[in-house]
Structure formats: structure tokens, C-alpha cells
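Overview (structure and organization)
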Amino acid sequence: MYALIVPASTPFVLLAAVMGLSWWEDRILPAPSAEPANAPAEALFAPAAPAQPAELPLVETTLTREVR
């Protein structure tokens, strides 16, 4: 009988854990500040020009064997 209770109660335990963490995040953790402390890293390291793709070899140079 106990072997049936554990799998049947697993979704409810997970739901209770998620709801508890949500409550803890809303009530216990400090509220985020209005302005972020650091600027995003993407804005600091923007490339000046787009990167050039590598040049692909020509098809004639890669297919050197004759087909009979």
C-alpha cells in the first residue's frame, strides 16, 4: 500500500515545493533595485565591423578523382 502512496503523492510534493519557493522569492528575498548595478557586457564589447566569414575552397579543387 505504501508503494502506491509515494508515486501518487510526488506531483503534489513538487507543486508544494514550487509554490513554497515562489512564496519565499516574493516575501523573503530583497526586492531588486530600480537600476542595475552593472551595465550589460554586450554593450561594452560591441564589434566595430562584422566578422568576415572564412573563404570556402572551390569545388573543382576538392574533387580531384575522376569518375569512371
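Residues numbered from 1 in each chain as written. Predicted model: local features only at pLDDT ≥ 70, side-chain atom pairs only at ≥ 80, totals over all residues. Heavy atoms only, no water.

What about the overall build of the protein chain?
Secondary structure assignment for the protein chain yields 3 helices and 0 strands. The buried share among the 68 residues of the protein chain stands at 0%. Of the roughly 7,400 Å² of accessible surface on the protein chain, a fraction of 68% belongs to carbon and sulfur atoms. (Helix = DSSP H or I, 4+ residues; strand = E, 2+ residues; numbered from the N terminus. Buried < 20%, exposed > 50% of the residue type's maximum accessible area, 1.4 Å probe, protein only. Areas by Shrake-Rupley, 256 points an atom, 1.4 Å probe, with all protein chains shown as cover.)

Here's the deal with the confidence of the model for the protein chain
Scored by pLDDT, the protein chain comes out at a mean of 76, with 56% of its residues at no less than 70. The least confident element of the protein chain, judged by mean pLDDT, is helix α2 (residues 41-44) at 56; the most confident is helix α1 (residues 2-27) at 93. (pLDDT = per-residue confidence, 0-100.)

As for α1
When the terminal C-alpha atoms of α1 are compared, their 36 Å separation across 26 residues agrees well with the 38 Å that a helix rising 1.5 Å per residue should span. Thr10 marks where α1 bends most, by close to 40°; the proline Pro11 follows one to four residues later. (Expected span 1.5 Å × (residues − 1). Bend = angle between axes of the 7 residues up to and from the residue.)

As for a nonpolar patch on the surface
Together, Leu21, Trp23, Trp24, Ile28 and Leu29 make up a nonpolar patch on the protein surface, roughly 540 Å² of accessible area in all. Secondary-structure assignment places Ile28 in the loop between α1 and α2. Ile28 gets classed as partly exposed once you look at its relative accessible area, which sits at 48%. (Patch = residues over 30% accessible without salt bridge, like charges linked within 9 Å, V, L, I, M, F, W, Y side chains within 5 Å. Salt bridge = Lys/Arg side-chain N within 4 Å of Asp/Glu carboxyl O.)

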